[in-house]
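Inside the fold
What follows is the residue order along each chain.
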Amino acid sequence: MKPTLEMYLILSAVLFTIGVTGVLTRRNALIIFMSVELMLNAANLTLVAYSRFLPDISGQIFVFFVMAVAAAEVAVGLAIIVAIFRQKESVDIDKVNLMKW
Amino acid sequence: MFFNLSDLFAIAPEICLLVLAAVVLKTELFFTRKPTALQGITMAGLLVTMGVTVMTASEFPTGAFNGMIAADGFTLFLKVVLLGVALLTTLMSREYFDDAAFRHGEYYALLLLTTIGMMTLAAATDLVTLFLGVETMSVGLYVLAGLRHDRPRSSEASLKYLLLGAFASGFLLYGMALLYGSTGGKTNFAEIAAAISRFGDETPKVLLAGVGLILIGLLFKVAAFPFHFWSPDVYQGSPTPVTAFMSAGPKAAAIAATIRLMGWALPDLAAVWGPLLWVVAALTMTVGNIIAISQKDIKRMLAYSSISHAGYLLLAVLAAGDQSIRDLAASGMLFYLAAYYLMNLGAFAVAILVNRARDNGDYHLDDYQGMAAQKPMYALAMTVFMISLAGIPPTAGFFGKLFVFSAAIKAGYVWLVAIAVLNSVVSAFYYLRIVVLMYMKPQTSPAGSMRSPATAVLIGFCAVAIVVLGLIPGGIRNLANSGGSSVAIPPPTVAEVSTK
Amino acid sequence: MELTLFALVALAAVASALMVVIGKNPVYSVLFLVTTFFCLAILYVMLGAPFVAALQVIVYAGAIMVLFLFVVMLLNLRHPQKWDAGGSTRRWIGFATAAGVLLVSLAAVKGAFDPNAPLQPEMGNAESIGMALFTRFLLPFEIGSILLLAAIIGVVTLLKRDNSKVATKGGEA
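Residues numbered from 1 in each chain as written. Chains lettered and ligands numbered in written order. Predicted model: local features only at pLDDT ≥ 70, side-chain atom pairs only at ≥ 80, totals over all residues.

**Digging into the overall build of chain B**
Within chain B, the secondary structure is distributed over 21 helices and two strands. Here the C-alpha radius of gyration of chain B, 22 Å, is about what a compact globule of 500 residues would show, namely 23 Å. Counting only C-alpha atoms, chain B reaches 70 × 55 × 40 Å along its principal axes. Each of the 500 residues in chain B was classed as buried or not, and the buried ones make up 66%. The long-range fraction of contacts in chain B, counting pairs at least 24 apart against all pairs at least 6 apart in sequence, stands at 82%. (Helix = DSSP H or I, 4+ residues; strand = E, 2+ residues; numbered from the N terminus. Rg over C-alpha atoms; globule rule 2.2 N^0.38 Å. Buried ≥ 20, exposed ≤ 12 C-beta atoms within 10 Å, placed from the backbone. Contact = placed C-beta atoms within 7 Å.)

The following block contains the structure:
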């Protein structure tokens, strides 16, 4: 027996939720950012799963673009986190805030 | 053939901006680091790009690059508005960035690349282009928000924008993935609409969840309630020209993308997203206005005011859900956006000027006390901006609201328009408070001295344009109308064309 | 057989994803995230997408996560915190939102239609992806390059320290 589309979608929903939990409950900017990556990957899994079962190639192309976007976003995001760290010696979003979160 | 000349014409403005960004970067690297020279090159290039945009515009609404983007009047109008936003931001930048170490070339290059992202977003007719447009715009903005290394607030604004923006992108992408799958592998807007209409009354739940998640992502970019909470802090912390840019450009691009996505891809689901957006629009304008009243900082006040304006703009999106009203709603929105960027950027330029006297990074409202006595012209211009933001005739802001509200009434949203009008009355209170401060209170602080004549040009231009648009709105209204009518019906999809 | 493999990989993916979120030390989080990405790569192979699987390993696990690891090491954070204390209101709002997201998405994908069309073996290879990428998706490809250019300029702008002006740091504070 083979795994069905539904199983893949449930798996990606669970991974997405774990990512959301991480973003909303952690205070370390790096871990929050990693949780966002987890969310993007959950979406990628959905795309590839649909792409296989429909079948249609554009889902995989979409994943290709998401990876490019993730690379750019991670580069910029880590640069911002390093810039914050230089000022505050911390990446804790509660400590970092002068302004209200 | 994968693309032809008309496809290239459709992206001519983007190509121009890319070349311009490269030229600015190389000029800084190899020839001169003079801020004035770099600013001049950027402005000249933007003007040329505007000309190219108008000249290469196709007469007939079409799609380009296999239905990835649209080349129609709607896109044309938005592209000119977005170029205008970039141009005015460039004009006020010299006044703000005076640090000798500041690299103007990189700043302008980033501004231009972000503008390309916004244009792509405004033109997108495919989920892939929509996503890439959103991300190109956002990545540029994350960096722009954090440009002032020397101010902790700026870095914090950028971190906050990054984390929440990336979070919203996650929702947007997951929603797109579900939409893609549930429509049988469609990413093109018109093809999605066709796939959805085939479902009839039995809309799959996955599809609805996907639409909901996409809405969360887009509403975040528009800064609509309840996804608005990032914007006051980000606006306050960012360098002021960047704030001005952010409050006008991305909002325009994101709302345009929303109107096109909802109208072209999801018209059959209007019964689902309509009530949702109704509530969001009502809360967005109300919350924005009420919190704006209590603000003491002009940048925060303008941030909340821009949240409430997003609420008015959502009215246009709602009205556009009705196929027969869509052209009216879209043209009203275009006019509104054209008016909005003029008054908002003008107000921020005055804020930079007033703040120069203080130079402590605070933009306190009290700084405006007695400004009329010392700087009568700027006080007059600021009065025009505030009156226009409040939507009082005879200004462009009045007609923007009039066109949007009348389209919404035609679509049957009478109660929502009533809420919007009430909100406009409330908003007049905090806008006119600044006018009162300027004219009726004794002066407490020295007025700022201007560094760059470009700022005076900008403020004068914005004020005059707002009044002219308020007295004779006809010309721009006609352009907006032709733009609006082009978005009413999507052009035939690639598949439809090839079967003919 | 394939179902067993799927169950194992899915379990590993979820477990390591959980470890990313509850881990004390960011370094562990990075390593667990890499594990999750490898699991996803295996799933991509099972889904007939070898090209995407290769990209997942090379680009995601290889390049992006190494960047993460590099920054985590560079910052050398002193105070690792387990499931950060404080802000309990925020935490509960977080859990509630996450639970809502999970419920909605599970309810949505439950009974998602399963066309089960025959698998086309050549669909996920480099050739077919390349063909689609440079014909129909040519424009997004170019926009992607603009995005990367913006990111490069942005990172340089953000992190370049000007030797001449270091002294003025913290002007506003």
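**Re the overall build of chain C**
Scanning chain C from N- to C-terminus turns up six helices and zero strands. Listing each helix as α and each strand as β along chain C from the N terminus yields α-α-α-α-α-α. Across the 173 residues in chain C, those meeting the buried criterion constitute 35%.

**What about the interface of chain B and chain C?**
With 33 residues of chain B at the contact, the number on the chain C side is 33 residues. Every element with two or more residues in the side of chain B that touches chain C is listed here: helix 5 (104–123), helix 6 (127–145), helix 7 (152–182) and helix 9 (205–222) of chain B. When grouped by side-chain class, the residues that make up the side of chain B that touches chain C number 20 nonpolar, seven polar and six charged. (Nonpolar A, V, L, I, M, F, W, Y, C, P; charged D, E, K, R; others polar.)

**Thoughts on the interface of chain C and chain A**
Facing 71 residues of chain C, the contacting portion of chain A comprises 64 residues. Elements supplying a minimum of two residues to the side of chain C that touches chain A: helix 1 (2–22), helix 2 (26–46), helix 3 (50–75), helix 4 (88–109), helix 5 (126–133) and helix 6 (138–159) of chain C.

**Focus on the packing of helix 11 (residues 240–265) of chain B against helix 13 (residues 298–319) of chain B**
Residues and elements named next belong to chain B. One way to put it is that helix 11 packs onto helix 13 with a least axis distance of 11 Å and a crossing angle of 15 degrees. With respect to their mutual orientation, helix 11 and helix 13 come out roughly parallel. Considering the relative orientation of helix 11 and helix 13, their crossing is right-handed. Facing helix 11, whose interface residues are Thr240, Thr243, Ser247, Lys251, Ile255, Thr258, Ile259 and Met262, helix 13 presents Lys299, Leu302, Ser306, Ala310, Leu313, Ala316 and Val317. Grouping the amino acids of the contact of helix 11 with helix 13 by side-chain chemistry returns eight nonpolar, five polar and two charged. (Axes fitted to C-alpha atoms, helices over the stretch in contact; angles between N-to-C directions. Parallel < 35°, antiparallel > 145°, perpendicular 65-115°, else oblique. Left-handed = near helix turned anticlockwise from the far one by under 90°.)

**Points about helix 2 (residues 29–53) of chain A**
Helix length check: helix 2 of chain A, at 25 residues, gives a terminal C-alpha distance of 37 Å against a target of 36 Å (1.5 Å per residue), a fit within 8%. Burial analysis of helix 2 of chain A places 25 of its 25 residues in the buried class, the great majority of the element. (Expected span 1.5 Å × (residues − 1).)

**As for the domain arrangement of chain C**
In terms of domains, chain C is made up of domain 1 (1–77) and domain 2 (125–160). Taking the mean C-alpha position of each, domain 1 of chain C and domain 2 of chain C sit 23 Å from one another. (Domains from an automatic or database assignment.)

**Observations regarding the nonpolar core**
Of all hydrophobic cores here, the largest spans 305 residues; its most connected members are Leu82(B), Leu315(B), Ala316(B), Ala319(B), Met333(B), Ala339(B) and Ala408(B). With 23 residues, the top contributor of residues to this core is helix 14 (residues 326–356) of chain B. Three or more residues apiece are contributed to this core by two domains, here domain 1 (1–77) and domain 2 (125–160) of chain C. Beyond its immediate chain neighbours, meaning those up to four positions away, Leu82(B) contacts Thr115(B), Met118(B), Met119(B), Ala122(B), Gly249(B), Ala252(B) and Ala253(B). (Core = buried A, V, L, I, M, F, W, Y, C linked by C-beta atoms within 7 Å.)

**A look at unusual backbone geometry**
In this structure, the amide linkage connecting Leu54(A) to the following residue, Pro55(A), adopts the cis form with an omega of -15 degrees. Position of Pro55(A) relative to the elements: it lies in the loop between helix 2 and helix 3 (58–88). Residue Pro394(B) follows Pro393(B) across a cis peptide bond; omega there is 5 degrees. Structurally, Pro394(B) can be placed in the loop between helix 16 (376–390) and helix 17 (396–410). Positive phi, normally seen in glycine, also occurs at Phe65(B), with a value near 50 degrees. You can see Phe65(B) is positioned in the loop between strand 1 (62–64) and strand 2 (69–71).

**Focus: the environment of Met440(B)**
All names here are of chain B. You can see Met440 is positioned in helix 18 (residues 414–440). Residue classification places Met440 among the exposed residues on the basis of 10 C-beta atoms within 10 Å. Sequence separation of Met440 and Gln369 is 71 residues, and the distance between their C-alpha atoms is 7.8 Å.

**Observations concerning the packing of helix 2 of chain A against helix 2 of chain C**
It is the contact of helix 2 of chain A with helix 2 of chain C, at a shortest axis distance of 11 Å, that shows an interaxial angle of 5 degrees. Judged by the angle between their axes, helix 2 of chain A and helix 2 of chain C are roughly parallel. On the side of helix 2 of chain A, the interface is formed by Leu30(A), Ile31(A), Met34(A), Glu37(A), Leu38(A), Asn41(A), Leu45(A) and Val48(A), while helix 2 of chain C contributes Pro26(C), Ser29(C), Val30(C), Leu33(C), Thr36(C), Phe37(C), Leu40(C), Leu43(C) and Tyr44(C). A class-by-class count of the residues in the contact of helix 2 of chain A with helix 2 of chain C yields 13 nonpolar, three polar and one charged.

**A word on helix 3 of chain A**
Residue and element names in this part refer to chain A. An ideal rise of 1.5 Å per residue puts 45 Å on 31 residues; helix 3 measures up with 44 Å between its terminal C-alpha atoms. Most of helix 3 is tucked away, with 26 of its 31 residues classed as buried. Residue Glu89 follows helix 3 closely and has a positive phi angle near 60 degrees.

**Section: the environment of Leu178(B)**
Mapped onto the fold, Leu178(B) is located in helix 7. Leu178(B) sits in the buried class, given 32 other C-beta atoms within 10 Å. Residues Leu178(B) and Phe30(B) lie 148 residues apart in sequence; the distance between their C-alpha atoms is 48 Å. Not counting residues within four places of it along the chain, the set of residues in contact with Leu178(B) comprises Thr46(A), Val206(B), Ala209(B), Gly210(B), Leu213(B) and Ala108(C).

**As for the confidence of the model for chain B**
Summing up the model confidence of chain B, the mean pLDDT is 88 and the portion of residues at 70 or higher is 95%. Considering each helix and strand of chain B separately, the mean pLDDT is smallest for helix 21 (residues 494–499) of chain B, with a value of 54, and largest for helix 6 of chain B, with 95. (pLDDT = per-residue confidence, 0-100.)

**Examining the environment of Ser169(B)**
Looking at the secondary structure, you find Ser169(B) in helix 7. For Ser169(B), a count of 26 C-beta atoms within 10 Å gives the class buried.

**Examining the confidence of the model for chain C**
Residues shown with low pLDDT carry predicted positions that ought not to be read at fine detail. Residue and element names in this part refer to chain C. Confidence along chain C averages 82 in pLDDT terms, with 79% of residues attaining 70 or more. Low pLDDT, under 50, characterises residues 164–173; the stretch is placed with 11 contacts to residues that sit more than four places away or in other chains. Per the prediction output, this complex has pTM 0.94; the corresponding ipTM is 0.96.

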